[in-house]
Amino acid sequence: RVRFTVARGGPLPPHEFQRGDQLLVSAGDPLSSTLSATVLSSDPGEIICMMTAAPPLGLDSLRLDRGPNSVAYERTMTALAGFEHGNIQDEVRQVLLEVGDIRAV
């Protein structure tokens, strides 16, 4: 577990991180980040995360950015797989994918 707080104490800057969110942890550029964290809890003074590797020590500050939402991704992939495996009515598939003559549906 890693606890992110403001070094001088007090509340964190406004954020909307909540339990289960995936975060990218970086020293500046989030696109070059190789560290990720999962939010366990958050309140105005701290964000507690689970990380597979500890962030580097000795840095003045770290940047936290919302990463990909794994729940939304998994649900999207499951829904898309339904198209491939025929779990959706042919008429709906034609309309959504604009395949075939939509007027005939």
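Located above this text is the structure these notes cover.
One structure accompanies this document, and this report is about it. These numbers were taken from a predicted model, which means no experiment stands behind them.

Check the secondary structure of the protein chain and you find 2 helices and 5 strands. N-terminal to C-terminal, the α/β element order of the protein chain is β-β-β-β-β-α-α. By residue count, 25% of the 105 residues in the protein chain fall in the buried class. Restricting the contact set of the protein chain to residue pairs at least 6 apart, pairs at least 24 apart contribute 52%.

The 5 strands lie next to each other as β1-β4-β3-β2-β5, forming an open sheet whose pairing is antiparallel. The sheet is open, and its two borders are formed by β1 (2-5) and β5 (63-66), each paired with just one other strand. Neighbour-to-neighbour, the strand axes of the sheet open up by a mean angle of 40 degrees, direction not taken into account. Bridge count for strand β2 (residues 22-26) against strand β3 (residues 35-43) is 4 bridges, and the pairing is antiparallel. Bridge assignment links Leu-23 to a residue of β3, and that residue is Ala-37.

Moving on: the layout of surface pockets. Approximately 650 Å³ is the volume found for the largest pocket. Taken together, 25 residues line the largest pocket, and the ones lying closest to its centre are Phe-4, Thr-5, Val-6, Ser-61 and Leu-62. Among the elements of the structure, β1 and β5 are those that each provide at least two residues to the lining of the largest pocket. It is β1 that contributes the most residues to the lining of the largest pocket, 4 residues altogether. Broken down by class, the residue content of the lining of the largest pocket amounts to 17 nonpolar, 4 polar and 4 charged.

Rules used in this analysis
Residues numbered from 1 in each chain as written. Predicted model: local features only at pLDDT ≥ 70, side-chain atom pairs only at ≥ 80, totals over all residues. Heavy atoms only, no water. Helix = DSSP H or I, 4+ residues; strand = E, 2+ residues; numbered from the N terminus. Buried < 20%, exposed > 50% of the residue type's maximum accessible area, 1.4 Å probe, protein only. Contact = heavy atoms within 4.5 Å. Pairing = 2+ DSSP bridges. Axes fitted to C-alpha atoms, helices over the stretch in contact; angles between N-to-C directions. 1 Å grid on protein atoms, 1.4 Å probe; cavity = no way out; pocket = protein on both sides within 12 Å on 5 of 7 lines; lining within 4 Å. Points joined across faces, edges and corners; volume = space filled by probe spheres on them. Nonpolar A, V, L, I, M, F, W, Y, C, P; charged D, E, K, R; others polar.

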